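Chain residues, written in single-letter form:
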Amino acid sequence: MDSRRDSLGTLKIARNGYIIIALVICVFGVCLLINPNYPVDTLIRLLGFVFIADGVIKMIGYFSKDFYCLAFQYDFAFGILMCALGLVILVRGSDYSTLLYAVLGLVILMDALLRIQMSLDAKKFGLHLWWRILLVAILTGVFGMILVIDPYNGEGMTMTLTGTAVLLEGVLNLCVAVYTVKILDRFSNRPDEPRGNASG
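Only a predicted model underlies this, so the values are computations on that prediction, with no experimental measurement involved. (Residues numbered from 1 in each chain as written. Predicted model: local features only at pLDDT ≥ 70, side-chain atom pairs only at ≥ 80, totals over all residues. Heavy atoms only, no water.)

Asks: Got a minute to help me understand the overall build of the chain in this structure?
Replies: Scanning the chain from N- to C-terminus turns up six helices and zero strands. Of all 200 residues assigned to the chain, the portion counted as buried reaches 46%. At a minimum sequence separation of 6, the contacts of the chain that also span at least 24 residues come to 80%. Split by element, the accessible area of the chain, about 9800 Å² in all, is 67% carbon and sulfur. (Helix = DSSP H or I, 4+ residues; strand = E, 2+ residues; numbered from the N terminus. Buried < 20%, exposed > 50% of the residue type's maximum accessible area, 1.4 Å probe, protein only. Contact = heavy atoms within 4.5 Å. Areas by Shrake-Rupley, 256 points an atom, 1.4 Å probe, with all protein chains shown as cover.)

See below:
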């Protein structure tokens, strides 16, 4: 009973952390949309801290042992990557400022692709809101790809695209936390339930 309670507590920490980070990312994206002339140095520092915080939450989520293993199934390796990128950005970010948008776009694209796969897995489990995650993930991936290409070469429009991509990334993480972790939490005390019989 105590181990199950501890596992559920870790799951709640991961879910709440996901929601908080997602909201921070959304606010960050909105700020970039409102002020496209955001100083690059400040942007680099903020991204570094956000990446590290996001990576830590992802790794906590991976070890939370949620029953269906959907929301956090890829988060251990991706969490390590986010922490590593965050440290690199904080320490040497100014040296790679020209690559900032490409790196950010690549991270967003990778996360979107993982969420697309996760949404398809959620469909197999019968979670009826899987398609919302799929749609947001596809849209987020498109903007992530645009950032990787960076057709505006770091000019003002690039910052607007960055704000849009970051906002969508925040919405995507929020959808994952709300639509999957909450559903899994509902079944956390029923470990003997067959894995294919989940209902959204």
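After that view of the structure, there is still more to cover.
Asks: Please explain the packing of aromatic side chains as it appears in this structure.
Replies: According to the stated counting rule, one finds four aromatic pairs in the structure shown. Seen in terms of ring centroids, Phe63 and Phe76 are 5.4 Å apart; in terms of plane orientation they differ by 80°. Their pairing is edge-to-face. With Phe63 in the loop between helix 2 (40-62) and helix 3 (75-92) and Phe76 in helix 3, the pair connects residues that are 13 residues apart, well separated along the chain. Taking the relative accessible area as the measure of exposure, Phe63 reaches 52% and is therefore exposed. Here the aromatic cluster, defined as three or more aromatic residues joined through ring pairs, consists of Tyr62, Phe63 and Phe76. (Phe/Tyr/Trp six-rings, centres within 6.5 Å; stacked < 30°, edge-to-face > 60°.)

Asks: Got a minute to help me understand the environment of Thr180 in this structure?
Replies: Here Thr180 shows up in helix 6 (residues 156-186). When the C-alpha positions of Thr180 and Trp130 are compared, they lie 8.4 Å apart, and in sequence the two are 50 residues distant. The contacts of Thr180, once residues within four sequence positions are left out, are Ala71, Met118, Ile133 and Cys175. Only 2.5 Å separates the side chain of Thr180 from the backbone oxygen of Val176, close enough to count as a polar contact. (Polar contact = N/O pair within 3.5 Å; in protein donor to acceptor, adjacent residues only side chain to side chain.)

Asks: Hey, could you run me through helix 2 in this one?
Replies: In an α-helix, one full turn covers 3.6 residues, which means residues spaced three or four apart are oriented alike. Look at helix 2: 32 Å from first C-alpha to last across 23 residues, which is about the 33 Å you get at 1.5 Å a residue. Among the residues making up helix 2, those that are buried are Leu43, Ile44, Leu47, Gly48, Val50, Phe51, Asp54, Gly55, Ile57, Lys58 and Gly61. (Expected span 1.5 Å × (residues − 1).)

Asks: Sorry, what's going on with the pattern of salt bridges here?
Replies: Note that side chains of opposite charge can pair when their charged atoms are close. Within this structure, the stated rule accounts for four salt bridges. With its nearest N and O atoms 4.0 Å apart, the salt bridge here joins Lys58 to Asp111. In this pair, Lys58 sits in helix 2 while Asp111 sits in helix 4 (residues 100-125), placing the two residues 53 residues apart along the sequence. Here Lys58 matches Asp111 in class, with each residue buried. For Arg115, the salt bridge is made with Asp75, and the minimal N-O distance between the two is 3.7 Å. Note that Arg115 is positioned in helix 4 and Asp75 in helix 3, a separation of 40 residues in sequence. In this pair, the class of Arg115 matches that of Asp75, namely buried. It is possible to trace a salt-bridge network through shared partners that takes in Asp54, Lys58, Asp75, Asp111 and Arg115. (Salt bridge = Lys/Arg side-chain N within 4 Å of Asp/Glu carboxyl O.)

Asks: What am I meant to see in a nonpolar patch on the surface here?
Replies: A contiguous nonpolar surface patch, about 480 Å² in accessible area, is contributed by Leu81, Leu106, Met110, Met145, Val148 and Ile149. Listing elements by their share of the nonpolar patch, those giving two or more residues are helix 4 and helix 5 (130-149). Judged by relative accessible area, Leu106 falls into the partly exposed class, the value being 44%. (Patch = residues over 30% accessible without salt bridge, like charges linked within 9 Å, V, L, I, M, F, W, Y side chains within 5 Å.)

Asks: Would you explain the packing of helix 3 against helix 4 in this entry?
Replies: Each pair of packed helices can be described by the angle between their axes along with the distance between the axes. For the pair helix 3 and helix 4, the least separation of the axes is 12 Å and the interaxial angle reads 170°. Our classification of the angle between helix 3 and helix 4 gives roughly antiparallel. Residue-level contacts link Asp75, Phe78, Leu81, Met82 and Leu85 of helix 3 to Val103, Val107, Met110, Asp111, Leu114 and Arg115 of helix 4. Taken together, the residues that form the contact of helix 3 with helix 4 break down as eight nonpolar, no polar and three charged. (Axes fitted to C-alpha atoms, helices over the stretch in contact; angles between N-to-C directions. Parallel < 35°, antiparallel > 145°, perpendicular 65-115°, else oblique. Nonpolar A, V, L, I, M, F, W, Y, C, P; charged D, E, K, R; others polar.)

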